Amino acid sequence: MMKVFLLGLALLRVDSLMYPAAISPQDPTLLIGSSLTASCSVGADSSLRAEDLYWTLNGRRLPAETYEALSATTLSVTISSLNGSQQQSGDNLVCHSKDGGILAGSCLYVGLPPEKPTNISCWSKNLKDLTCKWTPGTEGETYLHTNYTLKYKLRWYGRDNTCQQYHTAGQYSCHIPKDLALFTPYEIWVEASNRLGVAVSEVVMLDIVDVVTTDPPSNVHVSRVGDLEDQLSVRWSAPPALKDFLFQAKYQIQYRVEDSSEWKVVDNVGNQTSCRLAGLRPGTVYFVQVRCNPFGIYGSKKAGIWSDWSNPTAASTPRNGRAAGVCEPKNGEHNNTLRRELKQFFGWMRKHGSSYGCANLSIKMYDQWRVSLQKSHKTRNQVLSGDKS
């Protein structure tokens, strides 16, 4: 359509030398649902008359009953209940001579005023910058091009500043790279404007230290826990970019099996930089990711903002030693199995726990018992397999 219109403008320059014409109004802006009456006038010295003219809108000829000859050289057209422009560059209203030549053209901009932007959210990467995004008003920019401008200033003093780096975190976003103050609230808002007006968002107030996020944890390592077939150990390093700042941190882990897209999240990691995943499937590859929330920067009381997830790190659990064909306990037998394992554990404690003393009872002793139990199962299964052969 644009190519056709540009070609038409080129022809207009040729035709206008022979048949000078003008459309009024030129390039109007109108609300959806309104009506327009436009006129096309040729020069008095032209051989063309009003009855030699016709109108098109976006290449489609308008019906003759919408025309009116205002004079011997002027033909008007009335278009009622205008729909929104089909393209943001405007709809093409063109006056033609009877042989199809283009005499004059006008762009119609039909739409709605912008709506107030909403849902402004901002974050600072390691206290060095500020990025904000927002949600636009839907109807306001469906038909007309709409400009968005993010503005900010210190709350109690200072002048308005305009953000310059747009579309850095999506279509409706802007990045402020430097020259930001800490411990002083900012006022932030977004202005939307098009040919039919301006709309201003609500003002958001924030302090940079309250909206800090950081890089994903680095040096993520996932490894086996000895011969334990249902556990993996995860270790990582705290974000180095915040090492010089006073802050707390909390971490989350998510993991999934190799052949699944469903992640399971571990929320209660706290501020430690290691965690043991338990209850895993033996002989299975797992992908693990970690993220960080650096809250409490310089004593901030806000909840903090989660970083992106680290790149996936893979590791596999050991295979179990069960012989093929050994049945798993039925659902109703799980309680009996647990009671039997606890009885075995306490028997093992009476035999091996005296050297540790009650004060040294820990998860490590339980792990040692699990390893010895798995080894005894493997030995028994090997004997059973030998008897069958």
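A short tour of the structure in this document, coming up. Residue positions are counted from 1 within each chain, in the order its sequence is given. Totals for whole chains, interfaces and linings use all residues, but because this is a predicted model, local features are given only for residues with pLDDT of at least 70 and pairs of side-chain atoms are given and counted only at 80 or more. Based on all heavy atoms of the structure, the side-chain values leave hydrogens and waters out of the count.

1. Here we look at the side chain of Thr184
Within the secondary structure layout, Thr184 lies in the loop between β15 (173-176) and β16 (186-194). Any two residues whose heavy atoms approach within 4.5 Å are treated as being in contact. Sequence-distant contacts of Thr184, that is, excluding residues within four places in its chain, are made with Leu154, Tyr157, Leu206 and Asp207. Think of it this way: any DSSP run of H or I at least four residues long counts as a helix, any run of E at least two long counts as a strand, and we number them from the N terminus.

2. Points about the packing of aromatic side chains
Centres within 6.5 Å make a pair out of two Phe, Tyr or Trp rings, where for Trp the six-membered ring is used; the pair is then stacked when the planes are under 30 degrees apart, edge-to-face when over 60, and tilted otherwise. Enumeration according to the criterion identifies 5 aromatic pairs in this entry. Seen in terms of ring centroids, Trp134 and Tyr148 are 6.3 Å apart; in terms of plane orientation they differ by 40°. Their pairing is tilted. Taken together, the residues Trp134 in strand β11 (residues 130-135) and Tyr148 in strand β12 (residues 147-154) connect sequence positions 14 residues apart. The rings of Trp134, Tyr148 and Tyr172 are connected pair by pair, giving a single aromatic cluster. In this scheme, Lys NZ or Arg CZ marks a charge over a ring once it lies within 6 Å of the ring centre and within 35 degrees of the ring normal. Taking the ring centre of Tyr54 as reference, the NZ or CZ of Arg61 above it sits at 3.7 Å. Positioned above the aromatic ring of Phe295 is the side chain of Lys250, whose terminal nitrogen or guanidinium carbon lies 5.3 Å from the ring centre.

3. Some details on the environment of Val285
By the element assignment, Val285 lies in strand β25 (residues 285-293). Spatially, the C-alpha atom of Val285 lies 6.7 Å from that of Thr317, the residues being 32 residues apart in sequence. Discounting chain neighbours no more than four positions away, the residues touching Val285 are Arg256, Val257, Glu258, Ala314, Ala315 and Ser316.

4. Observations regarding the nonpolar core
A general trend in soluble globular proteins is that nonpolar side chains are found buried together. Grouped together as the largest cluster of nonpolar side chains are 25 residues, with contacts concentrated most on Cys122, Leu130, Trp134, Leu150 and Ile188. Sequence-distant contacts of Leu150, that is, excluding residues within four places in its chain, are made with Cys132, Trp134, Asn161, Thr162, Cys163, Tyr166, Cys174, Ile176, Ile188, Trp189 and Val190. Throughout this description, the term nonpolar core refers to a set of buried Ala, Val, Leu, Ile, Met, Phe, Trp, Tyr and Cys residues connected via side-chain atoms within 4.5 Å. Between buried and exposed lies partly exposed: a residue is buried under 20% and exposed over 50% of the maximum accessible area for its type, with that area taken using a 1.4 Å probe on protein chains only.

5. As for the side chain of Ser300
With respect to the helices and strands, the residue Ser300 is situated in the loop between β25 and β26 (313-316). A polar contact of 2.4 Å, which involves the side chain of Ser300, links it to the side chain of Asp210. Within the structure, Ser300 has its side chain in polar contact with the backbone nitrogen of Lys302 (distance 3.3 Å). Residue contacts for Ser300: discarding those within four places in its chain leaves Val209 and Asp210. Think of a polar contact as two N or O atoms within 3.5 Å of one another; within protein, one of them needs to be a possible hydrogen donor and the other a possible acceptor, and neighboring residues in sequence only count if both atoms come from side chains.

6. Concerning the sheet that holds strand β20 (residues 218-224)
The strand order across the open sheet built from 3 strands is β20-β21-β24, with neighbouring strands paired in antiparallel fashion. For this open sheet the edge positions go to β20 and β24 (274-277), each flanked by a neighbour on one side alone. With strand direction ignored, the average angle separating the axes of adjacent strands in the sheet is 15°. Strand pairing requires that DSSP identify at least two bridges connecting the strands. With 5 bridges joining them, β20 and strand β21 (residues 232-237) adopt antiparallel strand pairing. Along β21, the bridge assignment pairs Val222 with Val234. Orientation is described by axes fitted as lines to C-alpha atoms, over the contacting stretch for helices, and by angles from 0 to 180 degrees between their N-to-C directions.

7. Describing the sheet that holds strand β14 (residues 165-166)
Taken together, 5 strands build an open sheet; the order of strands is β14-β15-β11-β10-β19 and the sheet is mixed. Among the strands making up the open sheet, the edge pair consists of β14 and β19 (212-213). The pairing of strand β10 (residues 118-125) with β19 spans 2 bridges and is parallel. Bridge pairing in β19 links Ser124 to Val212.

8. With respect to the pairing of strand β9 (residues 102-111)
For a regular strand, side-chain orientation follows a simple rule: the groups alternate between the two sheet faces. Of all 10 residues in β9, 10 are buried; the element is thus mostly enclosed. Summarising the sheet, strand β2 (residues 29-31) and β9 pair through 3 bridges and their orientation is parallel. Across the sheet, residue Leu30 finds its bridge partner in β9, namely Val110. As judged from the 6 bridges shared by strand β8 (residues 91-97) and β9, these two strands associate in the antiparallel manner. Bridge assignment links Asn92 to a residue of β9, and that residue is Cys107. Linkage of β8 to β9, two consecutive antiparallel strands, is achieved through a turn of 4 residues, within which Gly100 is found at a positive phi near 95°.

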